[in-house]
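Below, each chain spelled out in residue letters.
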Amino acid sequence: MSRFLNEKYAAFEAYTPGEQPKDMRYIKLNTNESPYPPSKKTIEAVNEKEISRLMLYPDNECVSLRDKLAGLYGVNRENIYLSNGSDDILNFAFMAFTKNNKAIYPDISYGFYSVFAQLYGLESEVVALKEDFSIDYRDYLKKDGMIVLANPNAPTGLYIGLDEIRDILKSNPDNVVVIDEAYIDFGGESCFKLIDEYDNLLVVQTFSKSRSMAGARLGFAIACKGLIDDLNKIKYSTNPYNINRLTLAAGEAAVDDNDYYMNNCQKVIKTREWTAKKLTSLGFEVIPSKANFIFAKTDLIDGEKLYEELKKRGVLVRHFTNKRISQYNRITIGTQEQMESFINVVKEVLDENR
Ligand SMILES: *Cc1c(COP(=O)(O)O)cnc(C)c1O
């Protein structure tokens, strides 16, 4: 820390991203990236012609990509906001929509929520998940601050249905409810359909997981015009050209190629179910997942030990030290071949620890 840092950030605890090792030796199952590359058309969209225009600013209104997304989801352009990764939208939401300077979110969820709450000096109401890690929607009725739920939740993979979200929205007419749908394409139903009914609903999605573009940094929000206007106000007060030209081109092509990406999601779902079955037969408890990862533990080996033993053998998964989940590991679903190797390595580790 330098002596220049504003003292309000001195004790600040930043978010810790999953490891991103520089060598490619690992089977990388730790940051929920897609194991499949972008589509051919997406790759071709980032071409010499586009690169040769890099001296020009990108379209700050992102009209073309917003229109494509609006078409895909059957909403209007004014209902779509684009951002440099969906973390950016979450950041803005914590900045802008936190009534009573308060944010309400589960104890086990995306680690960034508490970081943003801290960044803006907010009070956090941290709601414990039920014993089985599911969200009880009744815990979020009639609150007095912004509610943030990842659905499916991370790192559990558990999903709550539209009816429950509707009840939360209905009973919180004066609070924004942020539904972080980073993993919605892996088996859940998006709640964006409710934006016409509820002006307090902010749906956040990303191209990072289901659309193989984590490296491009592209996220989007779907909401009523008022909330989108507010996000734009903050964007134009911080970084009007928040999406670069190459990412915009890739994003447009990716929406055109939606079938390719949704087909990849189906492959991931199939591999997820295969992996869950294998792990269960090896003695793991696997939480039913609607995401591109599974969360699992076993009495046969300590959670952190398993993480370390896998890493020694070239397999990276994500382990969290938080006590409530320290026996678990979060395993991103890779290709079928990667998961077959993963299962073999797990068997090896278990055999050696018997
Ligand atoms: C990965 C993830 C994000 C962030 O995604 P980016 O668009 O890459 O910033 C947001 N929320 C959850 C729950 C995630 O897992």
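Worth saying up front: this structure is predicted, and the values here are computed from it rather than measured. (Residues numbered from 1 in each chain as written. Predicted model: local features only at pLDDT ≥ 70, side-chain atom pairs only at ≥ 80, totals over all residues. Heavy atoms only, no water.)

Student: Break down the overall build of the chain for me, citing the residues and quoting the values.
Tutor: Summing up its helical and strand segments, the chain has 11 helices and 12 strands in all. The C-alpha atoms of the chain give 21 Å as radius of gyration, which agrees with the globular expectation for 354 residues (20 Å, within 12%). With the C-alpha coordinates of the chain rotated into their principal frame, the extents come out at 60 × 50 × 50 Å. Contacts in the chain between residues at least 24 apart in sequence constitute 72% of all its contacts with a sequence separation of at least 6. When the accessible surface of the chain is totalled, it reaches about 16,600 Å², and 49% of it is carbon and sulfur. (Helix = DSSP H or I, 4+ residues; strand = E, 2+ residues; numbered from the N terminus. Rg over C-alpha atoms; globule rule 2.2 N^0.38 Å. Contact = heavy atoms within 4.5 Å. Areas by Shrake-Rupley, 256 points an atom, 1.4 Å probe, with all protein chains shown as cover.)

Student: Residues and numbers for the pattern of salt bridges, please.
Tutor: All told, the structure shown has 21 salt bridges when counted by the stated rule. Across the salt bridge formed by Arg138 and Asp136, the nearest N and O atoms sit 2.9 Å from each other. Relative accessible area serves as the criterion here: at 52%, Arg138 is assigned to the exposed category. In this structure, the salt-bridge partner of Lys312 is Glu309, at a minimum N-O distance of 3.0 Å. With a gap of three residues between them, Lys312 and Glu309 both fall in helix α10 (residues 303-312), about one helical turn apart. Judged by its relative accessible area of 64%, Lys312 falls in the exposed class. (Salt bridge = Lys/Arg side-chain N within 4 Å of Asp/Glu carboxyl O. Buried < 20%, exposed > 50% of the residue type's maximum accessible area, 1.4 Å probe, protein only.)

Student: Residue-level account of the packing of helix α4 (residues 86-96) against helix α5 (residues 112-119), with values.
Tutor: With their axes 9 Å apart at the nearest point, α4 and α5 run at an angle of 40 degrees to one another. Classed by the angle they form, the pair α4 and α5 counts as oblique. For α4 against α5, the interelement crossing comes out right-handed. Along its contact with α4, which presents Asp87, Leu90, Asn91 and Phe94, the element α5 presents Phe112, Tyr113, Phe116, Ala117 and Leu119. (Axes fitted to C-alpha atoms, helices over the stretch in contact; angles between N-to-C directions. Parallel < 35°, antiparallel > 145°, perpendicular 65-115°, else oblique. Left-handed = near helix turned anticlockwise from the far one by under 90°.)

Student: With reference to specific residues and values, describe the packing of aromatic side chains.
Tutor: Tallying each qualifying case throughout the model produces 18 aromatic pairs. Here Phe133 and Tyr328 contribute two aromatic rings whose centre-to-centre distance is 5.3 Å and whose plane-to-plane angle is 65 degrees, an arrangement assigned as edge-to-face. Linking Phe133 in the loop between β4 (123-127) and β5 (146-150) with Tyr328 in the loop between β11 (315-316) and β12 (329-332), this pair joins segments that are 195 residues apart in sequence. Accessibility expressed as a relative area gives 7% for Tyr328, which makes it buried. In this structure an aromatic cluster arises from ring pairing among Tyr15, Phe94, Tyr105, Tyr110, Phe112, Tyr113 and Phe116. (Phe/Tyr/Trp six-rings, centres within 6.5 Å; stacked < 30°, edge-to-face > 60°.)

Student: Tell me about the nonpolar core, and please be specific about residues and values.
Tutor: With 48 residues, the main nonpolar core has Leu69, Leu82, Leu201 and Ile222 as its most contacted residues. Elements that contribute at least two residues to this core include exactly α3 (63-73), β2 (80-83), β5, α6 (162-170), β6 (177-180), β7 (201-206), β8 (219-223) and α8 (245-256). Sequence-distant contacts of Ile222, defined by excluding residues within four places in its chain, comprise Tyr73, Val75, Asn79, Ile80, Phe192, Ile195, Leu201, Leu202 and Val203. Core analysis: the next-biggest nonpolar cluster, separate from the first, contains 30 residues, Ala182, Phe293, Ile294 and Phe342 among them. (Core = buried A, V, L, I, M, F, W, Y, C linked by side-chain atoms within 4.5 Å.)

Student: Got a sec to walk through the site of the ligand? Specific residues and values, please.
Tutor: Taken together, the neighbourhood of the ligand is formed by Gly85, Ser86, Asp87, Tyr110, Asp180, Ala182, Tyr183, Thr206, Ser208, Lys209 and Arg217. Protein chains shield 93% of the accessible area of the ligand, which is 390 Å² for the free molecule. Split by residue class, the shell around the ligand holds three nonpolar, four polar and four charged. (Near = heavy atom within 4 Å. Nonpolar A, V, L, I, M, F, W, Y, C, P; charged D, E, K, R; others polar.)

Student: Describe the sheet that holds strand β9 (residues 284-286), listing the residues and the values that go with them.
Tutor: The antiparallel open sheet is built from three strands, whose spatial order is β9-β10-β12. At either margin of the open sheet sits one strand with a lone partner, and together these are β9 and β12. The average undirected angle you get between the axes of adjacent strands in this sheet is 35 degrees. Relative to β12, strand β10 (residues 293-298) runs antiparallel, the two being bridged by four bridges. In the sheet register, Phe293 faces β12, and the bridge partner there is Thr332. (Pairing = 2+ DSSP bridges.)

Student: Tell me about the sheet that holds β5, and name the residues and values.
Tutor: The seven strands are arranged β2-β8-β7-β6-β5-β3-β4 in an open sheet whose pairing can be described as mixed. Strands at the two margins of the open sheet, each flanked by one partner only, are β2 and β4. Here the average twist between neighbouring strands, direction ignored, is 20 degrees. Sheet topology note: the β6/β7 ladder contains four bridges and is parallel. By the bridge assignment, Val178 is partnered in β7 with Leu202. Against the sheet, α4 engages β2, β3 (102-106), β5, β6, β7 and β8, with an angle of about 155 degrees to β7. The strands touched by α6 within the sheet are β5, β6 and β7, with β6 carrying the most contacts at an inclination of about 155 degrees.

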